[in-house]
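Structural features, examined
In case you want the letters, here they are:
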Amino acid sequence: MARCQHFIFSLIFYSCLVLHFGHAQIGNYGKKIGEFNSYAHGISGDVYAVDESTIFIKDFSYDGTGPDTHFWVGNGTKASPLGYLIPYPEDYKGREPPTLGSYERANIILKLKNDLKIRDIKYLAVWCRRFTVNFGDVFIPSNLEIPKPRVLPEFSRLAHGLRSGNISILDSKTFYIPNLHYDGAGPDAYFWVGNGSEPNIHGTKVPNEMGSLDPLRGYQGEDIEVVLPKNLTVYNIEWLSVWCVQYKHNFGHVLIPKDLDVPPALGQTKITTSSTPQPFVPTPTTHDFSNCKEMLDGRVQVQWEVIGDDVKIRVSGKIKDDQYVAFGLSGQENESKMIGGDVVVVAYDSRTQKYIAVDYYMSHLSQCDGEKGVCPDERVGGKNDAILLGGTRKNGVTSVTYMRPLRTNEPVKDKMIPEFETSVIAAIGRLNSRGEANAHAPTDQTSEDIRIDFTSRNIHECKTSLYNLSDSTTLKPWKIPEIIDTDTFTARIGPAGNKRGYFAITGIPPWGIAWYINDRLIPEITVERGRTYTFIVEGGNDPSNPAKYHPFYITTSPEGGYEQKSEGQRKQQRILAGVAHNKEGEEIPTAQGRYCEWVHKTIDRSVEFNNFEDFFKTLKLDCQPGQPAKLEWTVAQDTPNLVYYQCFTHNNLGWKIHVVNPGERARREEEQEGLTSAGSAITTITIFFLTPLYTLYFLR
């Protein structure tokens, strides 16, 4: 009886899976068109419509003995010379596509060309051009419902500046995310998928657009594709999110509908194909890279992809703030030669706070004088053929993406990119005061002959993670001045400052945000017993959005996060302000208020600045409608010497409050002023003694 019940339960469970997942069953190749009719040469195979311009043939067989045989489509009632040749394989080299060889139960993907769609044809045939003979065919049903990509809403905007355009499901494993913005400040954030009504801890990491499972970098309006890992498909999941694993927080998500009929994932999807759904228009900026090569001991990585008459290139380098990476064609074939080289210089120009991709020609190894030297093409009568597509900088890695033509009309200054292997060069150097490549100061350059075939595909020679390379510079933590001289404080949320900020100050990894007190990142505060202090709090008042709900309270716990604690853990901390009790005796936060956050104007650039003041200039204040909360705290006589301002609902957002006896705060203030004055005096003495040296130098 028990065995019978187990069988019935298993049958019901399996039936539910089939009903829920639908197309996730094994063997989903799209909508079946039919089977080949065989007239000669052993033609056979099952034919499927993958999407509106892609056909999949499963178990295709053909003896290969026809003299000029090709896949052939047309819109007549039978195959004829008036049809169109469909090249196979698609990446053939040469003018004429090769004749079909022999196949035995092979799987074939055919891409229709020249904007031709399956709805425009009536048959697919295996056709011999020389003798105008049809070896086998299959006809397209007029009522065939072809799978197509599905357009979803954009990411919900919950935290860290996450936003996007409408997200599309291109096939059963591929998401297209246009115009993606994310500040990159989450310490352990990933693309994350799973089941349930909303994102939760029971999810799965999804590799980023590069196939990496490193924590997500910042994005500034980029168009990317991400592919579900292993055997996951869109039929197995109910949401896609950006999720912080360490702190269990959802930065934003989109729900996956159940009534999907999207193309299967057979390797056919590329964002530049005609399968891209409206309203998106295929552009070079939405194409994926299929090639990557390392240079300069792994400190430079070059990715590329030919798109029509252009090549899209992304150059990434482990470089300092004021450095550039130059990459391009060598001045001489079969040799790494800078003179005569045609390169594009990429960098982040801190003067203009913009990324650059500038076309250079090197006539001499000297600084550009407007006629010769290492010169931008535009300075010597040419034009910049490099079209900047975007850039990022995070953790000492600068990445810049640009497009350049394979052939230009400037044969003197620009070299043509051939359709075969050619010698390339790369160099790292410093930008000069003009923001141009400093010809006299390359810190490293290629010495061996490195060759790239820009028309190639699937060249994966990047084995090093640039983010894991040791940095030649040590990141110094910011010095945040203490707050001693005020009785009124503003408390808002802001970015944690990565390795220069919260982590460097406290030694505790943050989850990307922290308290800003009087517009300073987690400053230490000094208060006196017996006095009353006012905190104007703008930490959010909507519990339904936990990423933006941070009630302020004062506690003896260096960690905070009272709401997350167990009963035993709660008893170990003492709450000094910011919490009341309801009728049931439960603790409820009182200092909530509207949500105000200092957000990145672009992405997290904390690694670029040696002091907080300069970093603070890269932020802007974003406040929701509403009023702030007011917390008044009279410091009791029995208050411990060290307490903390923290978040009631989350751990590790705040820092120290020093509690002193009446009169001691003024003494601490005088000590701080004394240190400042001493520093100024040292600076004055230094300038006084150095002035004669500078005078002598300039009078030489």
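It should be emphasised that the depicted structure is a prediction, and the values quoted were computed from it without experimental measurement.

The rules behind each value
Along each chain, numbering runs from 1 in the same order as the chain's sequence is written. A pLDDT threshold of at least 70 governs which residues receive local features in this predicted model, and a stricter bar of 80 or more applies before side-chain atom pairs are shown or counted, although totals over entire chains, interfaces and linings include all residues. Side-chain figures throughout are based on the complete set of non-hydrogen atoms in the structure, without hydrogens or water. The way it works is that DSSP assigns letters per residue, a run of H or I at least four long becomes a helix, a run of E at least two long becomes a strand, and they are numbered from the N terminus. Burial status follows relative accessibility: with a 1.4 Å probe on protein chains alone, a residue under 20% of its type maximum counts as buried, one over 50% as exposed, and anything between as partly exposed. Should any heavy atoms of two residues lie within 4.5 Å, those residues are counted as being in contact. For every accessible area listed, the method is Shrake-Rupley and the probe measures 1.4 Å; residues are considered covered only by the protein chains on display. In protein, a polar contact means a hydrogen-donor-capable atom and an acceptor-capable atom, both N or O and within 3.5 Å, with residues adjacent in sequence counting only if both atoms are side-chain atoms; elsewhere, any N or O pair within 3.5 Å suffices. The disulfide criterion used throughout: a pair of cysteine sulfur atoms within 2.5 Å. Salt bridge, as used here, is a side-chain nitrogen of Lys or Arg placed within 4 Å of a carboxyl oxygen of Asp or Glu. Definition used in this section: a nonpolar core is a set of buried Ala, Val, Leu, Ile, Met, Phe, Trp, Tyr and Cys residues joined via side-chain atoms within 4.5 Å. Strand pairing requires that DSSP identify at least two bridges connecting the strands. Aromatic pairing here means that ring centres of Phe, Tyr or Trp (its six-membered ring) are within 6.5 Å. Orientation follows from the plane angle: under 30 degrees is stacked, over 60 is edge-to-face, and everything else is tilted. Here, a charge over a ring means that NZ of Lys or CZ of Arg falls within 6 Å of the ring centre while also lying within 35 degrees of the ring normal. How sure the predictor is of each residue is captured by pLDDT, a score from 0 to 100.

1. Some points on the overall build of the chain
- Across its full length, the chain carries 5 helices and 44 strands.
- Classification of the 700 residues of the chain by burial places 50% in the buried group.
- Pairs at least 24 apart in sequence give 66% of the contacts found in the chain among residues at least 6 apart.
- In the form shown here, the chain has an accessible surface area of approximately 33,200 Å², with 52% of it arising from carbon and sulfur atoms.

2. Structural notes on the side chain of His 160
- Secondary-structure assignment places His 160 in the loop between strand S10 (150–151) and strand S11 (168–171).
- Discounting chain neighbours no more than four positions away, the residues touching His 160 are Tyr 182, Asp 183, Ala 185, Gly 186, Phe 251, Trp 511, Gly 512 and Ile 513.

3. Some thoughts on the side chain of Ser 164
- Within the secondary structure, Ser 164 sits in the loop between S10 and S11.
- You can call Ser 164 buried: its relative accessible area is 4%.
- For Ser 164, the side chain forms a polar contact with the main-chain nitrogen of Phe 155, separated by 3.1 Å.
- Among all residues touching Ser 164, those that are not within four sequence positions of it are Glu 154, Phe 155, Ile 177, Pro 178, Asn 179 and Leu 180.

4. What about the state of the cysteines?
- Considering all chains together, one arrives at 2 disulfides under this definition.
- Paired through a disulfide, Cys 292 and Cys 462 show a sulfur-sulfur distance of 1.9 Å. Since a negative S-S torsion denotes a left-handed disulfide, the Cys 292-Cys 462 link at about -90 degrees is left-handed. With Cys 292 in strand S18 (residues 291–295) and Cys 462 in the loop between strand S30 (459–461) and strand S31 (488–495), this pair connects stretches of sequence that are 170 residues apart.
- A relative accessible area of 9% means that Cys 292 is categorised as buried.
- According to the relative accessible area criterion, Cys 462 is partly exposed, its value standing at 23%.

5. Some details on the pattern of salt bridges
- Applying the stated criterion to the full structure yields 30 salt bridges.
- Note that Glu 238 is salt-bridged to Lys 258, the shortest N-O span being 3.2 Å. Here Glu 238, found in the loop between strand S15 (219–227) and strand S16 (239–244), pairs with Lys 258, found in the loop between strand S17 (249–255) and S18; they are 20 residues apart in sequence, far enough to count as distant.
- Glu 238 gets classed as buried once you look at its relative accessible area, which sits at 18%.

6. Quick word on the nonpolar core
- Of all hydrophobic cores here, the largest spans 76 residues; its most connected members are Phe 175, Phe 191, Trp 515, Phe 535, Phe 552, Ile 554 and Trp 633.
- The element contributing the most residues to this core is strand S32 (residues 513–517), with 5 residues.

7. Considerations on the environment of Arg 605
- Along the chain, Arg 605 falls in the loop between strand S40 (596–600) and helix H4 (612–616).
- For the pair Arg 605 and Asn 395, spaced 210 residues apart in sequence, the C-alpha to C-alpha distance is 8.8 Å.
- Not counting chain neighbours up to four residues away, the residues in contact with Arg 605 comprise Tyr 348, Gln 353, His 600, Phe 615 and Thr 618.

8. Details of the sheet that holds strand S2 (residues 37–38)
- Read across the sheet, 5 strands follow the order S2-S9-S8-S5-S6 without closing on themselves; strand pairing throughout is antiparallel. Each having just a single partner strand, S2 and strand S6 (84–86) make up the two edges of the open sheet.
- As paired strands, strand S8 (residues 123–128) and strand S9 (residues 133–139) are joined by 6 bridges and run antiparallel to one another. Paired with Ala 125 across the bridge in S9 is Asp 137.

9. Section: the pairing of strand S12 (residues 174–182)
- The element S12 is largely enclosed, with a buried count of 8 among its 9 residues.
- Bridge count between S11 and S12: 3 bridges; the pairing is antiparallel. Considered in S12, the bridge of Ser 168 is made with Tyr 176.
- Counting the residues in the hairpin turn of S11 and S12 gives 2 residues.
- The pairing of S12 with S15 spans 7 bridges and is antiparallel. Along S15, the bridge assignment pairs Phe 175 with Val 226.

10. So, the environment of Pro 558
- With respect to the element layout, Pro 558 can be found in the loop between strand S36 (552–555) and helix H3 (567–571).
- Measuring from C-alpha to C-alpha, the distance between Pro 558 and Asn 651 comes to 9.0 Å, with 93 residues separating the pair along the chain.
- Residues contacting Pro 558, with those up to four places away along its chain left out, are Tyr 644, Gln 646 and Asn 652.

11. Notes on the packing of aromatic side chains
- Tallied over the entire structure, the rule returns 29 aromatic pairs.
- Both rings, one in Phe 535 and one in Phe 552, keep their centres 5.1 Å apart while their planes meet at 35 degrees; by these two values the pair is tilted. Here the residue Phe 535 occupies a position in strand S35 (residues 532–538), and Phe 552 occupies one in strand S36, the gap between them amounting to 17 residues.
- Owing to a relative accessible area of 0%, Phe 552 belongs among the buried residues under this scheme.
- Members of the aromatic cluster, connected to one another through ring pairs, are Trp 478, Tyr 516, Trp 598, Phe 612, Phe 615 and Phe 616.
- The lysine or arginine in question, Lys 205, covers the ring of Tyr 190, its NZ or CZ lying 4.0 Å from the ring centre.

12. What to know about the confidence of the model for the chain
- Predicted confidence across the chain gives a mean pLDDT of 84, with 85% of residues reaching 70 or more.
- Note on residues 271–287: pLDDT is under 50 here. Beyond four places in sequence and across chains, it has 45 contacts.
- Throughout residues 680–700 the model reports pLDDT below 50, and contacts reaching past four residues in sequence, or to other chains, amount to 0 contacts.

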